[in-house]
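Structural features, examined
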Amino acid sequence: DEDLGENGTFEYSIVSPKDNFTVIIDSPDAVCLRTLVPLDREEMDTITIVLQAEDNGVPTTLSSLISVILQIEDANDNAPMFIEPNLSPTINETAANDTLVVQYTAVDKDIGSNGHVSFSIVPNTPQDFPFRLNPSTGEIFLNG
């Protein structure tokens, strides 16, 4: 603002959304927005913040608006979930090697590499364990 005196001072405020952010003035030339509530990319991947600058002009105040489009990045904040965690497969005792026993499926709400699911069998599994697992597909095969 090129005005002098009280007419040259101004204040910032958030027009919308009012409950999610607050304005922090670092210096006359720097304004920061601070979150008041946690942001969750799975609920909203972008948020538009309307910021207003209003001078303290006398007798008339003048203002300007700007829209800030904030892209929310994903955090690895969701655990994978099995689709059917209680499967009880059966297999014939004469089944051949490499017989598919069961396939588990899991999903993760996160996106990108944070949403990638891989499968593993608990550590320290004996060498002669009769099953093998495909870590990409969740398929368990007879490994006899």
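Quick look at the overall build of the protein now. What the protein contains, in helices and strands, is zero helices and ten strands. The linear arrangement of helices and strands in the protein, starting from the amino end, is β-β-β-β-β-β-β-β-β-β. Computed over the C-alpha atoms, the radius of gyration of the protein is 28 Å, more than 25% above the 15 Å expected from 2.2 N^0.38 for a compact globule of 144 residues. In terms of its C-alpha atoms, the protein occupies a principal-axis envelope of roughly 95 × 25 × 20 Å. Counting only residues that meet the buried cut, the protein has 19% of its 144 residues in that class. Sequence-distant contacts, at least 24 apart, represent 49% of the contacts inside the protein between residues at least 6 apart.

This part takes up a nonpolar patch on the surface. Where nonpolar side chains cluster on the molecular surface, the patch consists of Leu 36, Val 37, Leu 39 and Leu 70 and spans about 290 Å² of accessible area. Tracing the backbone through its elements, the reader meets Leu 70 in strand β5 (residues 63-71). For Leu 70, a relative accessible area of 30% translates into the label partly exposed.

This paragraph deals with the nonpolar core. In this structure, Val 101, Val 102, Tyr 104, Ala 106, Val 117, Phe 119, Ile 140 and Leu 142 together form the largest nonpolar core, which totals eight residues. Those residues in contact with Val 117 that sit more than four places away from it in its chain are Pro 80, Ala 106, Val 107, Asp 108 and Pro 135. If you look at the next biggest cluster of nonpolar residues, it comprises six residues, including Phe 21, Ile 49, Leu 51 and Ile 72.

One pass over the structure, following the stated rule, counts three salt bridges. Asp 74 is the salt-bridge partner of Arg 41, the closest N and O atoms lying 3.7 Å from each other. Of the two residues, Arg 41 is situated in the loop between β3 (30-35) and β4 (46-55) and Asp 74 in the loop between β5 and β6 (81-82); the sequence distance between them amounts to 33 residues. The same class applies to Arg 41 and to Asp 74, which are both buried.

Attention shifts here to the packing of aromatic side chains. Taken as a whole and assessed by the stated rule, the structure comprises three aromatic pairs. With centroids separated by 5.8 Å and ring planes inclined at 65 degrees, the aromatic side chains of Phe 129 and Phe 131 adopt a geometry described as edge-to-face. The class of Phe 131 is partly exposed, set by a relative accessible area of 27%. An aromatic cluster is defined as three or more aromatic residues linked by ring pairs; in this entry it consists of Phe 82, Tyr 104 and Phe 119.

A few words now on the sheet that holds strand β1 (residues 10-16). Reading across the sheet, the three strands line up as β1-β4-β5 and stay open at both edges, with antiparallel pairing between neighbours. Edge positions in the open sheet fall to β1 and β5, since each of these has one partner strand only. Averaged over neighbouring strand pairs, the angle between their axes works out to 25 degrees when direction is ignored.

The next point concerns the sheet that holds strand β7 (residues 100-103). Two orientations exist for strands paired in a sheet by backbone hydrogen bonds: parallel and antiparallel. Strand order in the open sheet formed by three strands is β7-β10-β9, and the pairing between neighbours is antiparallel. Every other strand in the sheet has two partners, leaving β7 and β9 (131-133) as the edge strands with one partner each. Shown here is a sheet whose adjacent strand axes are inclined to one another by a mean of 20 degrees, direction ignored.

Let's shift gears to the environment of Ile 111. Tracing the backbone through its elements, the reader meets Ile 111 in the loop between β8 (106-107) and β9. Here Ile 111 falls in the partly exposed class, since its relative accessible area comes to 42%. Considering only alpha carbons, one finds Ile 111 and Phe 131, 20 residues apart in sequence, at a separation of 31 Å. When near neighbours in sequence (up to four residues on either side) are disregarded, Ile 111 contacts Arg 41 and Asp 74.

Cut-offs and rules
Residues numbered from 1 in each chain as written. Predicted model: local features only at pLDDT ≥ 70, side-chain atom pairs only at ≥ 80, totals over all residues. Heavy atoms only, no water. Helix = DSSP H or I, 4+ residues; strand = E, 2+ residues; numbered from the N terminus. Rg over C-alpha atoms; globule rule 2.2 N^0.38 Å. Buried < 20%, exposed > 50% of the residue type's maximum accessible area, 1.4 Å probe, protein only. Contact = heavy atoms within 4.5 Å. Patch = residues over 30% accessible without salt bridge, like charges linked within 9 Å, V, L, I, M, F, W, Y side chains within 5 Å. Areas by Shrake-Rupley, 256 points an atom, 1.4 Å probe, with all protein chains shown as cover. Salt bridge = Lys/Arg side-chain N within 4 Å of Asp/Glu carboxyl O. Core = buried A, V, L, I, M, F, W, Y, C linked by side-chain atoms within 4.5 Å. Phe/Tyr/Trp six-rings, centres within 6.5 Å; stacked < 30°, edge-to-face > 60°. Pairing = 2+ DSSP bridges. Axes fitted to C-alpha atoms, helices over the stretch in contact; angles between N-to-C directions.

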